Amino acid sequence: RMLNSCTFGKVSAEDNTRVDLVPKELTQQIEETNDWVYNLINNGVYKCGFSTKQEAYNVASTNVCKGLQKCETLLQNQTYLNGDKITESDLLLLPTILRYDGVYSPLFRAGGVHTRIRDYPGIQRWLEHCWEAYDLERTIDVEDACLSYYRQLFPLNPGGLLPNPPITLEAMGLRK
């Protein structure tokens, strides 16, 4: 594994607590979760965005919805995808969810153009928790990350048009 343990978030200089992202007792569950997160959601959004046939898009979009619903079901009853501790699965999902409302739904039409993370209260709560607990605003510029898709993906956005209103942390529920 490239990343098994790390120190991140709101950690003081004297606190060097490491987070084990793949605890031995959860390894099999993490592997299974990583598989469906990647196939249904992370790769699914790109299959939607770059589909050239309606049937391929329909399958990919349906899979994205299935993946989001699976996350929602889990996160309604627990803090993280695999229970009460953050794991590799959460880190695998996080970048896609951070860009979902700003890019993958409107530009890639993933899960249907009107699908939003805030429509999944369990996922939204998880996202807000991760954002705050791990001080993610210091490590990623979500607005710029989203806008770069609009600027650089000519086949999907030949005019280089930017969303209006713009993508903001406030709109995503990450800044009050």
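Criteria and thresholds
Residues numbered from 1 in each chain as written. Predicted model: local features only at pLDDT ≥ 70, side-chain atom pairs only at ≥ 80, totals over all residues. Heavy atoms only, no water. 1 Å grid on protein atoms, 1.4 Å probe; cavity = no way out; pocket = protein on both sides within 12 Å on 5 of 7 lines; lining within 4 Å. Points joined across faces, edges and corners; volume = space filled by probe spheres on them. Nonpolar A, V, L, I, M, F, W, Y, C, P; charged D, E, K, R; others polar. Helix = DSSP H or I, 4+ residues; strand = E, 2+ residues; numbered from the N terminus. Expected span 1.5 Å × (residues − 1). Bend = angle between axes of the 7 residues up to and from the residue. Buried < 20%, exposed > 50% of the residue type's maximum accessible area, 1.4 Å probe, protein only. Contact = heavy atoms within 4.5 Å. Core = buried A, V, L, I, M, F, W, Y, C linked by side-chain atoms within 4.5 Å. Salt bridge = Lys/Arg side-chain N within 4 Å of Asp/Glu carboxyl O.

*Asks:* What is the right way to look at the layout of surface pockets in this model?
*Replies:* Empty space among the atoms can be located by rolling a probe the size of a water molecule over them. When its volume is computed, the largest pocket comes out at roughly 310 Å³. Lining the largest pocket are 17 residues, and of these Asp101, Gly102, Pro106, Arg118 and Ile167 sit closest to its centre. For the lining of the largest pocket, a count of residues per class yields nine nonpolar, five polar and three charged.

*Asks:* How should helix H1 (residues 27-49) be read in this particular structure?
*Replies:* Every α-helix winds through 3.6 residues per turn, so residues three or four apart in the chain are directed the same way. Over its 23 residues, H1 extends 32 Å from the first C-alpha to the last, a length consistent with the 33 Å expected when each residue adds 1.5 Å. Taking the largest bend as the criterion, H1 deviates by roughly 45°, centred on asparagine 43. What H1 keeps buried is the set Ile30, Thr33, Asn34, Trp36, Val37, Leu40, Ile41, Asn42, Gly44, Val45, Cys48 and Gly49. On the buried face of H1, the contacting elements are helix H2 (54-75) and helix H3 (88-104).

*Asks:* Looking at this model, I keep getting lost on the nonpolar core. Mind explaining?
*Replies:* Among soluble globular proteins, nonpolar side chains are generally buried collectively. Grouped together as the largest cluster of nonpolar side chains are 48 residues, with contacts concentrated most on Leu68, Ile123 and Trp126. Not counting residues within four places of it along the chain, the set of residues in contact with tryptophan 126 comprises Leu75, Thr79, Tyr80, Asp90, Leu93, Leu94 and Ile97.

*Asks:* In this structure, what is going on with the pattern of salt bridges? I would like to understand it.
*Replies:* A side chain of one charge can pair with a side chain of the opposite charge when the charged atoms of the two come close. Here the structure, examined in full by the defined rule, presents six salt bridges. When the shortest N-O distance is used, the salt bridge between arginine 175 and glutamate 137 registers 2.3 Å. Highlighted residues: arginine 175 in the segment after helix H5 (142-152) and glutamate 137 in the loop between helix H4 (121-133) and H5, separated in sequence by 38 residues. Of the charged contacts in the structure, one is a salt bridge between glutamate 170 and arginine 175, with a shortest N-O distance of 3.4 Å. Look at glutamate 170 and you get partly exposed, because its relative accessible area is 40%. Using a relative accessible area of 34% as the deciding quantity, one classes arginine 175 as partly exposed. When salt bridges that share partners are traced, they join Glu137, Glu170 and Arg175 into one network.

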